[in-house]
Amino acid sequence: MALRIGVPKETATDERRVATVPDVVEKLVKLGFSVAVESGAGDAADCGDDTYRAAGAEIVEGAAQLWSASDIVFKVLAPTAEEVGLMHEGQTLISFIWPAQNPELMQQLAERKVTVLAIDSLPRQLSRAQKMDALTSQAGVAGYRAVVEAANGFGRFFNGQITAAGKVPPAKVFIAGAGVAGLAAIGTAAGLGAIVRANDTRAEVADQVVSLGGEFVGVDYEEEGSGGGGYAKVMSEGFQKAQREMYAKQAKEVDIIITTALIPGKPAPKLITADMVKSMKPGSVIVDMAAERGGNCELTEPGKAVVKHGVTIVGYTDLNSRMAKQSSTLYATNLFRLAEELCKTKDGVIDVNMEDDAIRGLTVVKEGAITWPPPPLNLPTPPAKPAAAAPAAKKGHGHGGDSAPASAKSTAITFGIAAVAFWFIGANAPAEFLSHFTVFVLACFVGYMVVWNVTPALHTPLMSVTNAISSIIAIGALVQIAPHLVAGDAERPELWIQGMAWVGIALTAINMFGGFAVTRRMLEMFRK
């Protein structure tokens, strides 16, 4: 029998998101589920009751009726004590739970003998789990919104301008933490024309910062900061001291600081001190995205935007809700992808398979038994780094000495054989063949060097290069058949040469026009 998914209205103050949207309701129905939505649940996210009805959902009046009649409940935030009291045995809840921070809630849920999947406990190390990664999708929205809030509190343009009324310098933005939220903020601020700088304890994100138009500001201290599950780890005191010195310098220079630093299960680290705030220019802005966990700035007041020492400090904890429609759509898609994994038979019945690493990581309560934390993942062992090559032995003196390396010998033999082969061809082949053969060898060498020296990331230039080579091939083929086309049968090339020339022209034409079409589609992706 098909199960019923219930979507209640979020009860937290200022929470505007909803756990599913009408477009996703249609997909859930195709999976075999029936869907019920509490009346008014999507109003704040611009999803009215009529749009849910049109998508195939039933509208239910009142939370009590919805919870009691639902087999599966989709929520955004963890349930309150009152909502837990509405749950019944055998029910399945999917929402943010934060089990490490909410042990009492975990116990209450276990007592109701329900099954709970915490979307925040998804093993993010698994590549196939990315489609269900609500933490990433919500962090991307929050990073974008943080820049919008910074622009709202800032007193001038982000991009520099030179007008008849005067010169406006570009804003300087520093982003502490280049995770998902930080990278979203970097891309947004750079798109608005600001000069963007960023720092992160994980050295591997430097290239990502640069690719989005930012400048990576490193710390003059060697220590790797990668932690598990895409988070950073707690750094040593020596690193933190060097980092504070760098932050102090940036605070004096920049106009806007956006902080994103969080460590799982711990209060947000204090990165921006009161003295740093005092050193900032009047009118500057700090957006503290870690305000919900205490904030990265010492002067942050969670949930408020305050002005201290002439600096606006934004500590909003509802950045996602300020873009409720977008946040809800992405979150609903994450839950739908999870529903696909739970209901692979598409018959409206879920299977919480504890042998599946992704599902096991998500499941924090199974039929009343607390199953969190999950066992460690059996991830494939990364390939070992190749050992450093032993230094070549010095050639000895005296009798015999050491022989040359094997690679040098093989190279010499290869070149010797090639030289003999070229001499034989040159001594016996006709002059016309030798001329064409020389051009062929040079073309192969030049083509190889041109194509393989293009950076793999630059696909469009590579397409251009291959189109250019295709053009050369087409010209060569035309040279072969041109005498026949102009002079008739008097200079007709042999039939097999003529046939290969026509085939070459046909294939290169397909490659050229196909390359232009693919290039055009790729360029369209970057046009606004």
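Above this text sits the structure in question.
Everything quoted here is computed from the prediction, not taken from an experiment. (Residues numbered from 1 in each chain as written. Predicted model: local features only at pLDDT ≥ 70, side-chain atom pairs only at ≥ 80, totals over all residues. Heavy atoms only, no water.)

A.B. asks: Which residues make up the nonpolar core, and what values go with them?
C.D. replies: If you look at the biggest cluster of nonpolar residues, it comprises 47 residues, and the most contacted ones within it are Phe 33, Phe 74 and Leu 338. When residues of this core are traced back to their parent elements, those giving at least two are β1 (4-7), α1 (22-30), β2 (34-38), α2 (49-55), β4 (72-74), α6 (134-153), α11 (324-342) and α12 (357-362). Here this core gets eight residues from one element, more than from any other, and that element is α11. Not counting chain neighbours up to four residues away, the residues in contact with Leu 338 comprise Ile 94, Leu 117, Ile 119, Met 132, Ile 359 and Leu 362. (Core = buried A, V, L, I, M, F, W, Y, C linked by side-chain atoms within 4.5 Å. Buried < 20%, exposed > 50% of the residue type's maximum accessible area, 1.4 Å probe, protein only. Helix = DSSP H or I, 4+ residues; strand = E, 2+ residues; numbered from the N terminus. Contact = heavy atoms within 4.5 Å.)

A.B. asks: Account for the pairing of strand β10 (residues 195-199), naming residues and giving values.
C.D. replies: Judged by how many residues are buried, β10 sits mostly within the fold: four of five residues are covered. The sheet contact formed by strand β9 (residues 172-176) and β10 spans five bridges and is parallel. Bridging from a neighbouring strand, Phe 174 pairs with Arg 197 of β10. The pairing of β10 with strand β11 (residues 215-216) spans two bridges and is parallel. If you follow Arg 197 over to β11, its bridge partner there is Glu 215. Between the parallel pair β10 and β11, the chain is carried across by helix α8 (residues 206-211), and the sense of this crossover is right-handed. (Pairing = 2+ DSSP bridges. Right-handed = clockwise from strand over helix to strand, strands pointing away.)

A.B. asks: Give a detailed account of the sheet that holds strand β13 (residues 285-288), specifying residues and quantitative values.
C.D. replies: Backbone-to-backbone hydrogen bonds pair the strands of a sheet. The strands run either parallel or antiparallel. Ordered in space as β11-β10-β9-β12-β13-β15-β14, the seven strands form an open sheet in which the pairing is mixed. Edge positions in the sheet fall to β11 and β14 (305-308), since each has one partner strand and no second. Relative to strand β12 (residues 256-259), β9 is paired through four bridges, and the arrangement is parallel. When the bridges of β12 are listed, Phe 174 appears paired with Ile 257. Sheet strands in contact with α6 are β12, β13 and β15 (311-314), and its direction is about 155 degrees off that of β13. (Axes fitted to C-alpha atoms, helices over the stretch in contact; angles between N-to-C directions.)

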